[in-house]
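One letter stands for each residue in the lines below.
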Amino acid sequence: MRIDKMLANLGYGSRKDVKKLLKDGAVKINDKLVKDAKEHVNPEEDTVTLFGEVVEYKEFIYLMMNKPPGVISATEDRYERTVVDLLEMEDAIFSPFPVGRLDKDTEGLLLLTNDGQLSHRLLSPKKHVPKTYFAVIDQEVTEEDVLAFKKGVTLDDGYVTKSGELAILKSGLRSDIELTITEGKFHQVKRMFEAIGKKVLYLKRISMGPLELDETLELGEYRELTEVELKRLLEYEVK
Ligand code: URA
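Owing to the predicted nature of the structure, the values given are computational and were not obtained by experimental measurement. (Residues numbered from 1 in each chain as written. Predicted model: local features only at pLDDT ≥ 70, side-chain atom pairs only at ≥ 80, totals over all residues. Heavy atoms only, no water.)

J.: Even after reading the chapter, I still don't get the layout of surface pockets, so can you show me in this structure?
T.: If a probe as big as a water molecule is rolled over the atoms, it shows which places are left empty. There is about 660 Å³ of room inside the largest pocket. R101, E183, G184, K185 and F186 are, among the 32 residues lining the largest pocket, the residues nearest its centre. Looking at the lining of the largest pocket, the elements with two or more residues in it are α4 (116–123), β8 (131–137), α6 (188–195) and β11 (200–208). Looking at the lining of the largest pocket residue by residue, the class counts come to 14 nonpolar, nine polar and nine charged. Built from parts of two domains, the lining of the largest pocket gets at least three residues from each of domain 2 (62–125 + 211–235) and domain 3 (131–208). Here the second largest pocket is characterised by a volume of approximately 220 Å³. Lining the second largest pocket are L10, G11, Y12, V54, V55, E56, K58, E90, D91, I93, F94 and E224. Considering only residue class, the lining of the second largest pocket consists of six nonpolar, one polar and five charged. There are two domains that each give the lining of the second largest pocket at least three residues, and those are domain 1 (3–54) and domain 2 (62–125 + 211–235). (1 Å grid on protein atoms, 1.4 Å probe; cavity = no way out; pocket = protein on both sides within 12 Å on 5 of 7 lines; lining within 4 Å. Points joined across faces, edges and corners; volume = space filled by probe spheres on them. Helix = DSSP H or I, 4+ residues; strand = E, 2+ residues; numbered from the N terminus. Nonpolar A, V, L, I, M, F, W, Y, C, P; charged D, E, K, R; others polar. Domains from an automatic or database assignment.)

Below, the structure written as structure tokens:
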């Protein structure tokens, strides 16, 4: 790959900007000063430095965010703040997008990546990737509800959901539950509870396939996936 293309891909400016950096003597490949924009570099093997700092080359970025309420799961929007607006420039330059959507008021695990293939695999309706949500419900949740979700409930548009696994963590005037579903219909968790006459007061995604929310991330914080998480995700075989 040409050195100017590599640096431009990494977000160090346009090809023209990068050409100037090269001309100014800011770039070295394996400790050799390089001024020619056409110089070839192997990003896997060569060490490139810019002003003495090693430039890390990667094609893909994988970020885990603890999505805060009040931002939308999109890359851009004319009116609303998006999850991508929360990213640092050094991550935003890779143009990551959210894998799937959480409602504006939903919190929790959101994967952002620019790996279209992975995103496709995780979102494909054929793949049934399990997603687990923690929710607070406005009333008592019962064993009957557990059975109803297991059988599938009929949503407002007539769609019958696939089997969902409901676990009651605390039942009372307000209940805490965990629900695992393998599909991703619009507002699915909220609509499943509506189908049994109950309301979701608070919703947070805690896992998606092999990926679990890192609870040490504050709302709005994010980090790159660890090597172990990434390996698990890339090797994840959906049943
Ligand atoms: N189900 C919902 O109702 N909302 C979400 O954000 C995710 C799942």
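Back to the text.
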